[in-house]
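# Observations on chain architecture
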Amino acid sequence: AQTVTQSQPEMSVQEAETVTLSCTYDTSENNYYLFWYKQPPSRQMILVIRQEAYKQQNATENRFSVNFQKAAKSFSLKISDSQLGDTAMYFCAFSISSGSARQLTFGSGTQLTVLP
Amino acid sequence: SQTIHQWPATLVQPVGSPLSLECTVEGTSNPNLYWYRQAAGRGLQLLFYSVGIGQISSEVPQNLSASRPQDRQFILSSKKLLLSDSGFYLCAWAKGRTGAEKLFFGSGTQLSVL
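Residues numbered from 1 in each chain as written. Chains lettered and ligands numbered in written order. Predicted model: local features only at pLDDT ≥ 70, side-chain atom pairs only at ≥ 80, totals over all residues. Heavy atoms only, no water.

### Remarks on the pattern of salt bridges
- One pass over the full model with this rule turns up six salt bridges over all chains.
- With a closest N to O distance of 3.9 Å, Asp85(B) and Arg37(B) form a salt bridge. Of this pair, Asp85(B) sits in the loop between β8 (73-78) and β9 (87-94) while Arg37(B) sits in strand β4 (residues 32-38), placing them 48 residues apart in sequence.
- When its relative accessible area of 3% is taken as the criterion, Asp85(B) is described as buried.
- Using a relative accessible area of 14% as the deciding quantity, one classes Arg37(B) as buried.
- Residues joined in a network through salt bridges with shared partners are Arg50(A), Glu52(A) and Lys55(A). (Salt bridge = Lys/Arg side-chain N within 4 Å of Asp/Glu carboxyl O. Helix = DSSP H or I, 4+ residues; strand = E, 2+ residues; numbered from the N terminus. Buried < 20%, exposed > 50% of the residue type's maximum accessible area, 1.4 Å probe, protein only.)

Shown next as structure tokens:
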């Protein structure tokens, strides 16, 4: 079974600063995908970024980037130039690549607050 | 474009009453459909998923059931609600059947069982 651990329940950052959210996971699989989802106060989950385990290059999406360390089973999210709209709960999630419709295993989340 | 509708947004029900939450997807065919529950301050727990009409997989033994009477309709039900059924319920869909697929979520239903 796969597990996803987010050890930081809450974090805060000043507007325009950079913040890194941590995520570790445990799996015996070699092919899998990792995701960061964002849940703003509206509570609608939105995909932020996705990383394929077979790719060594870290994924980036505008101000969001990841630091994927496969050997260490670590998948952190870096938010640059933080904006007030980035205030949200952030969930790390894991999914194996085999042909199963069973979807994501989520971490417990990190509540990020961007301070003006 | 594809959209997902989930209702109601908020629901307060007494213990022992029935439940029916509905989710519909528009703009796509044969989606994979999912019901997740989010307890207060916690991550998402997968309850059910469906790869086609009438095909339901249950992840967690519980007081709830799911049905998929039409291709793009997914219903979460209970005959008798328990206090422990309170939580935030999210419906989601994905196009494919591999782990790579992006999930699209509905806006959720906050269920309070009193």
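Next comes the rest of the account.
### Details of the state of the cysteines
Residue and element names in this part refer to chain A.
- This model, assessed by the stated rule, comprises two disulfides over all chains.
- The disulfide partner of Cys23 is Cys92, and the gap between their sulfur atoms is 2.0 Å. The S-S bond linking Cys23 to Cys92 shows a torsion near -70°; that makes this disulfide left-handed. A residue pair is termed long-range when its members are at least 10 positions apart, and Cys23 in the loop between β3 (19-21) and β4 (24-26) and Cys92 in strand β10 (residues 88-96) qualify at 69 residues. In this structure, Cys23 and Cys92 share a single accessibility class: buried. (Disulfide = S-S within 2.5 Å.)

### Quick word on the packing of aromatic side chains
- Summed over all chains, the structure comprises 16 aromatic pairs over all chains.
- Measuring from ring centre to ring centre gives 5.9 Å for Tyr37(A) and Phe106(A), while their planes differ by 55°; the resulting arrangement is tilted. Here Phe106(A) lies in strand β11 (residues 105-106) and Tyr37(A) lies in strand β5 (residues 32-39), a separation of 69 residues in the sequence.
- Overall, Phe106(A) belongs to the buried group, its relative accessible area being 9%.
- Among the aromatic residues, those joined into a ring-pair cluster are Phe35(A), Tyr37(A), Phe91(A), Phe106(A), Tyr34(B), Tyr36(B), Tyr49(B) and Phe105(B).
- In this arrangement the basic side chain of Arg43(A) is found over the ring face of Phe88(B), its NZ or CZ atom lying 3.6 Å from the centre. (Phe/Tyr/Trp six-rings, centres within 6.5 Å; stacked < 30°, edge-to-face > 60°. Lys NZ or Arg CZ within 6 Å of the ring centre and 35° of its normal.)

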